[in-house]
Amino acid sequence: MFLRGVWLVVRKDLTVEVRSREIAYTTLFFAVSCVLIFAFALVREGRAPDEAAPAVLWVAIAFAGTLALGRTFERERQAETLRALLLAPVDRPAIYAGKLLGMMALLLAAEFVLVPLVALLFQAPLLGHPFWLTGILATGTLGFAAVGTLFAAMLVRARTRDVLLPVLLYPITVPVIIAGVRGTALLLEPELDVALLRFWLALLVTFDVVFVTLALWTFEPLMTD
Amino acid sequence: MPKWFLPAAALCGVMFVASPVVIAGAPYESTMGLVQKIFYFHMPAAVMFLVSAVICGVASARFLFRGDPAQDRLGWAAAELTVLFGIIALVTGPLWARKAWGVWWQWDVRLTSSLMGWMVAVAYLLVRKYGGPGSEKLAAGLALFGMANVPFVYISVNYWRTIHPTTSVVPTLPTSMGGPLWFCFATFLLLLVLLLRLRVRLGEAHARLDALHLALDE
Amino acid sequence: MRADFDELGVEELSRHFGRRRAVSRITFNVAAGSIVGLLGPNGAGKSTMIGLLATLIRPTSGLIRYGRLVVDAGHAAGQHGAALRAAIGVLGHDLFLYPELSALENLTFFAGLHGVAHPHRAALEALEHAGLDARAHDPVGSFSRGMRQRVALERALIHRPRLVLLDEPFTGLDDASTGRLVSRLEGLREAGTAVLLATHDLDVADGLLDAAVFLKDGRLVDTVVQPSALRATYRQLMARPVS
């Protein structure tokens, strides 16, 4: 029943998104704009500073992710459909998990475009170790989205949700950003420091486990008035 | 107001007034000079910052799962004190750092983690002020997540720094803390207890006022 | 698991938001196979009442009995929440529908989420009920207000709930749509469903209700069984100062 609920919510979210493509297009455009602004600010005489690429990549993910989170839950607020979801006789954490997976799909799709773009504009060989990169991106995005989905869901009722989401989200996701940027930067070194890379990946995985568990556990009390 | 409050408040005031004298009497540290004296306020403030943050986190978790409004009031009071003691620690820290490391700000693991923890406490207060109805739940969730986040911030900042070796010299803490430090420590602890009690009392008064308003309509 | 009950009981139910008493010490019953109206001006606490009964809002004090299941301030719906929600259908003030999805997709999604055995078939049947089978594949966003409301009602009923809560269902409906809704509600009554209807549209409610609960400023003014001449009763009751 739990998994069925998750699956239904994910499928619904993706169907809506495929039909309107609003969040995908606007998020992607926003992320690309971010990258361009960083390029204008950082690139001098055709050269970007060393290690700028991972930083730009993760900042763009964090900013675009915040935008996407706000929009997905705005969509659930418009006809009060979030209430309708909460009224369904599924375990409420299943709704959280469904929204989280939908968010992940969206952000990973955006990263699919972002990574080559950053690699190109900042002349960084980001695609040199695709497996490691996928691991860091997936675990980092999951950590960011896990916290973001819970906070965005809680903020649906608040009038000031647009400003409060980043206010709550960024201090909590600092470890994700640090681990993501440092881990990605390691991939640009001429010699791969596998031990350190493993460390960052382990940190991200632990963060994911702790915060997904915590979110599943607190979703029910947080969502009842 | 409990009976002990006024005497304790008076004692705390006397201790604060006396603290400069006590600190002046402490042994003069030769390499740091006069600036080392900041330490006697910095460290107690930093510890109280941590203590109030832990109180806030635990009270929030209990409020979230048991729904006891008293825990919510305690959490709110502790969050305000976290911000207050955090400011003291974060202002006195750089003053010390300027002399010890030659820079105002150092991306030292303790400094950075403290700053992040302080940001969470400020976010907590922002949510309570601007979150509208239901913000107490939201704030409690944030505090719980902030508490769970502490080890992650600490570890990540620590490793982040090791990859970027800086020229800084890790400060060697003075080994002879001695009496003056414990004196300041006691003063700050007393201040924490007093402020916490006062702030919780204010919350209780608010709750009682709300209840009276409701009863008036009856 | 699904809770089953023949009567909904509300006893001394209160919910405060800070200093605002949204609902204060309200007591009434709704029996299976009856339509009860929740009547009162804006801000009377009708929507909070619906939220409380739908388990979306926790009571401050008092209790709600769903048959033998009791929800009160200490025992939030948490433990048997899902079982209860499986037996309750809510038509909210808002539509609870995704405008980008077609009527059929909306209904199939919610049928699945409510654990209906054959969601697709149930959704098709519901569309037939609503008289919208011809437009099953059009997005709900392209529908008229009346058509949307019909889909929204079928969404609330898709899992054949024992208790149906409706918040201002007649708002913005033309006469034909209103008549259709009224006959659907009468059908529910015959099928033995308990229906609670919050409205300030007294003309429509007249003759439909088995009992009327009058609310004002979050408090119970009076309960009238088999009400007639609702408008006169309403005017008389609302003029009376609340004790």
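Residues numbered from 1 in each chain as written. Chains lettered and ligands numbered in written order. Predicted model: local features only at pLDDT ≥ 70, side-chain atom pairs only at ≥ 80, totals over all residues. Heavy atoms only, no water.

A look at the overall build of chain B
When helices and strands are counted, chain B shows six helices and zero strands. Out of the 218 residues belonging to chain B, those deemed buried represent 42%. Taking all contacts inside chain B whose residues are at least 6 apart in sequence as the whole, residues at least 24 apart take part in 77%. (Helix = DSSP H or I, 4+ residues; strand = E, 2+ residues; numbered from the N terminus. Buried < 20%, exposed > 50% of the residue type's maximum accessible area, 1.4 Å probe, protein only. Contact = heavy atoms within 4.5 Å.)

Here's the deal with the pairing of strand 8 (residues 194-199) of chain C
Residue and element names in this part refer to chain C. Counted residue by residue, strand 8 has six buried out of six residues, so it is predominantly covered. Side chains Ala-194, Leu-196 and Ala-198 of strand 8 all project onto a buried face; the interleaved residues Val-195, Leu-197 and Thr-199 project onto the opposite face, where all are buried too. Taken together, the six bridges between strand 3 (residues 34-39) and strand 8 define a ladder with parallel strand orientation. When the sheet's bridge partners are listed, Val-36 is paired in strand 8 with Leu-196. Between strand 7 (residues 163-167) and its parallel partner strand 8, the chain crosses via helix 6 (residues 175-190), and the hand of that crossover is right-handed. (Pairing = 2+ DSSP bridges. Right-handed = clockwise from strand over helix to strand, strands pointing away.)

Here's the deal with the interface of chain C and chain A
Listed by partner, the interface residues are 28 residues for chain C and 29 residues for chain A. With both sides pooled, the region where chain C packs onto chain A buries about 2,600 Å², and carbon together with sulfur makes up 63% of that total. Where chain C meets chain A, there are two salt bridges. A salt bridge links C:Glu105 to A:Arg19, with the shortest nitrogen-to-oxygen separation between them at 2.5 Å. Counting across the chain C and chain A interface gives eight residue pairs in polar contact (both at pLDDT 80 or more). Listed by contribution, the elements that provide at least two residues to the side of chain C that touches chain A are helix 2 (81-85) and helix 3 (103-113) of chain C. Take the side of chain C that touches chain A: its biggest share by element is five residues, from helix 3 of chain C. Split into classes, the residues belonging to the side of chain C that touches chain A amount to 14 nonpolar, seven polar and seven charged. (Buried area = accessible area lost by both parts, 1.4 Å probe. Salt bridge = Lys/Arg side-chain N within 4 Å of Asp/Glu carboxyl O. Polar contact = N/O pair within 3.5 Å; in protein donor to acceptor, adjacent residues only side chain to side chain. Nonpolar A, V, L, I, M, F, W, Y, C, P; charged D, E, K, R; others polar.)

So, the pattern of salt bridges
Should their charged atoms come close, side chains of opposite charge can pair. Applying the stated criterion across every chain, the model contains 25 salt bridges over all chains. One salt bridge connects A:Arg75 with C:Glu100, and the closest N-O pair in it is separated by 3.7 Å. Of this pair, A:Arg75 sits in helix 3 (residues 52-78) while C:Glu100 sits in the loop between strand 6 (88-91) and helix 3, on two different chains. This pair shows no difference in class: A:Arg75 is buried, exactly as C:Glu100 is. Close ionic contact of C:Arg135 with C:Asp138 constitutes a salt bridge, the shortest N to O distance being 2.9 Å. Here the residues in one salt-bridge network are A:Glu17, A:Glu22, A:Arg71, A:Arg75 and C:Glu100, joined through shared partners.

As for the interface of chain B and chain A
The partner chain A presents 33 residues to the 28 residues of chain B that form the contact. The three residues of chain B that bury the most area against chain A are B:Leu138, B:Phe145 and B:Phe152, which together make up 26% of that side's buried surface. In this structure, the connection of chain B to chain A is made through zero salt bridges. If you look at where chain B meets chain A, you find three residue pairs in polar contact (both at pLDDT 80 or more). Breaking the side of chain B that touches chain A down by element, the ones donating at least two residues are helix 2 (39-66), helix 4 (109-130) and helix 5 (135-163) of chain B. If one sorts the elements of the side of chain B that touches chain A by residue count, helix 5 of chain B sits on top with 17 residues. Residue composition of the side of chain B that touches chain A, by class: 21 nonpolar, six polar and one charged.

Overview of the nonpolar core
The biggest cluster of nonpolar side chains holds 162 residues, and the ones touching the most others in it are A:Phe151 and C:Tyr66. Among the elements that line this core, the one with the most residues is helix 6 (residues 130-155) of chain A, at 13 residues. Contacts of C:Tyr66, omitting those with residues within four sequence positions, involve C:Phe5, C:Glu7, C:Leu8, C:Leu52, C:Leu53, C:Ala54, C:Thr55, C:Val71, C:Leu84, C:Ile88 and C:Leu163. If you look at the next biggest cluster of nonpolar residues, it comprises 48 residues, including C:Leu173, C:Leu188, C:Leu202 and C:Met238. (Core = buried A, V, L, I, M, F, W, Y, C linked by side-chain atoms within 4.5 Å.)

Here's the deal with the packing of helix 2 (residues 22-42) of chain A against helix 3 of chain A
All names here are of chain A. Following both chains from N to C, one finds helix 2 and helix 3 inclined at 150°, their axes separated by 9 Å at the closest point. Between helix 2 and helix 3, the crossing angle belongs to the class labelled roughly antiparallel. The two elements helix 2 and helix 3 cross, and the hand of that crossing is right-handed. In this structure, helix 2 contributes Glu-22, Ile-23, Thr-26, Thr-27, Phe-30, Ala-31, Cys-34, Val-35, Phe-38 and Leu-42 to the contact, and helix 3 contributes Ala-52, Val-56, Val-59, Ala-60, Phe-63, Ala-64, Leu-67, Ala-68, Arg-71, Thr-72 and Arg-75. Tallied by class, residues from the contact of helix 2 with helix 3 come to 15 nonpolar, three polar and three charged. (Axes fitted to C-alpha atoms, helices over the stretch in contact; angles between N-to-C directions. Parallel < 35°, antiparallel > 145°, perpendicular 65-115°, else oblique. Left-handed = near helix turned anticlockwise from the far one by under 90°.)

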